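Inside the fold
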Amino acid sequence: MSYKIDTQIQTATVYLDSTNCISRDPYYKYQLATPIKCPTACRLLISVIGVSLPNVIMNITEHNNKLSFQILTSSGTSVLIYTITFPPGIYSAWSFRDYINGQTVAPANSIQCVYDEKQFKFSFVSTNRFQVFNNTNRPTTCGSLIGAAKDINNEFIYPIVYNSSPAYTVYMPSTVNFIATPYVFVKINSLSLSNINSRGDINDTLLRFPVNCEYGQMIQYRPTETNRYLVNKNNINEFNLRLEDIHNNPLAIPSGAELQVILKIEFIFPPEQLSYEVGTISHFFKENPITEAEPDDDDDEVEGL
């Protein structure tokens, strides 16, 4: 929504740098020595005009670092289920493969990983019959990373069974995806917002910005069109920000990575209050009430006869 800046109050810019925040977990908490004040007759507009963040986002976290295998007999009966847990960090397809192949303790050393650099797909090979497995006790949480397929209900399809040619091999149906998150969400809990996510949930997202650079470089984002939020506060003395990935998980970055967010504060007079019923039949009759017709004198005379 566009707003007309119709006051003579100077626009303010707030530079939030995480090097100056008073707390970093679970929020970047900024305490303002000079609070932002708005006259009673006016309203505040807040928008984000710039974000900077180093791209050191981990693509394997505690939320997607488990891979489970099920060893089978010749008749298809389960012999053993085990899980490989990856330490959180930044992985490539090659380092992920090497971590699996570097297992030295049975039974984790019985399955080897192969990466096809032409098709960007993983396959797993073993001398035993096996399959990629998933349940509550032995989960596989890295399905999107290793290339598991999804069904029409958007759920990963498990188990992924082996093919016996040339050996017992599980071919992953989709390509690998080692992108940590294509977007980062900046959320704020000190203001009431009404943005809606793809699930239809109202949340407190202040901004979504893309990860637009390579690992080790600086994410620089400046929106081409700013979203202004009308704030029902006349006094702001702190901001609480948090970063999340596309799965609504806290963004996995090192504790020393610094975040910069630039906010623009503008002042307007309250917009004209219109009824939400404008254009409806009920509103028309409220504005144009039907009055009862007065009785005709001639009719009264006729009735008297």
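As a starting point, this report considers the structure included with it. Note that the structure is predicted; figures quoted are calculated from it, not measured. Every chain begins its residue count from 1, and numbering advances along the sequence as written. With pLDDT at 70 or above as the cut-off, local features in this predicted model cover only qualifying residues; side-chain atom pairs require 80 or more to be listed or tallied, and sums for whole chains, interfaces and linings still use all residues. For the side-chain quantities, the full set of heavy atoms in the structure was used; hydrogens and water were omitted.

Another point: the overall build of the chain. In terms of regular secondary structure, the chain is built from four helices and 18 strands. Just to be clear, the radius of gyration here is over C-alpha atoms, and the globule rule we use is 2.2 Å times residues to the power 0.38. A compact globule built from 305 residues would reach a C-alpha radius of gyration of about 19 Å, whereas the chain, at 30 Å, exceeds it by more than 25%. Each principal axis of the C-alpha distribution contributes one length, and for the chain these read about 110 × 70 × 35 Å. In the chain, the proportion of contacts linking residues at least 24 apart, taken out of those at least 6 apart, comes to 72%. Where helices and strands are cited, they refer to DSSP runs of H or I of at least four residues and of E of at least two residues respectively, numbered from the N terminus. Note on definitions: a residue-residue contact is assigned when non-hydrogen atoms from the two residues lie within 4.5 Å.

Its location among the elements puts Q70 in strand β4 (residues 66–72). Whenever two N or O atoms come within 3.5 Å, that pair is a polar contact, provided that in protein one can donate a hydrogen and the other can accept it, and provided that, for residues adjacent in sequence, both atoms are side-chain atoms. At 2.5 Å, the side chain of Q70 and the side chain of Q131 are in polar contact. Once residues within four sequence positions are removed from consideration, Q70 is found in contact with S78, L80, I81, R129, F130, Q131 and F133.

Along the chain, N109 falls in the loop between α1 (93–101) and β6 (111–116). As a C-alpha pair, N109 and S126 span 17 residues in sequence and 9.3 Å in three-dimensional space. For N109, the contacting residues outside a window of four places in its chain are Q103 and T104.

A pair of strands is treated as paired once DSSP finds two or more bridges between them. With antiparallel pairing, the four strands of this open sheet are ordered in space as β2-β17-β11-β14. The open sheet is flanked by β2 (28–37) and β14 (205–210), the only strands paired with a single partner. Strand-to-strand twist in this sheet, taken as the mean axis angle between neighbours without regard to direction, amounts to 25 degrees. Inspection of the sheet shows strand β11 (residues 183–188) paired to strand β17 (residues 235–244) by four bridges, in the antiparallel sense. In the strand pairing of β17, V186 is matched with L243. All axes are obtained by fitting lines to C-alpha atoms, using only the stretch in contact for helices, and the reported angles, taken between N-to-C directions, cover 0 to 180 degrees.

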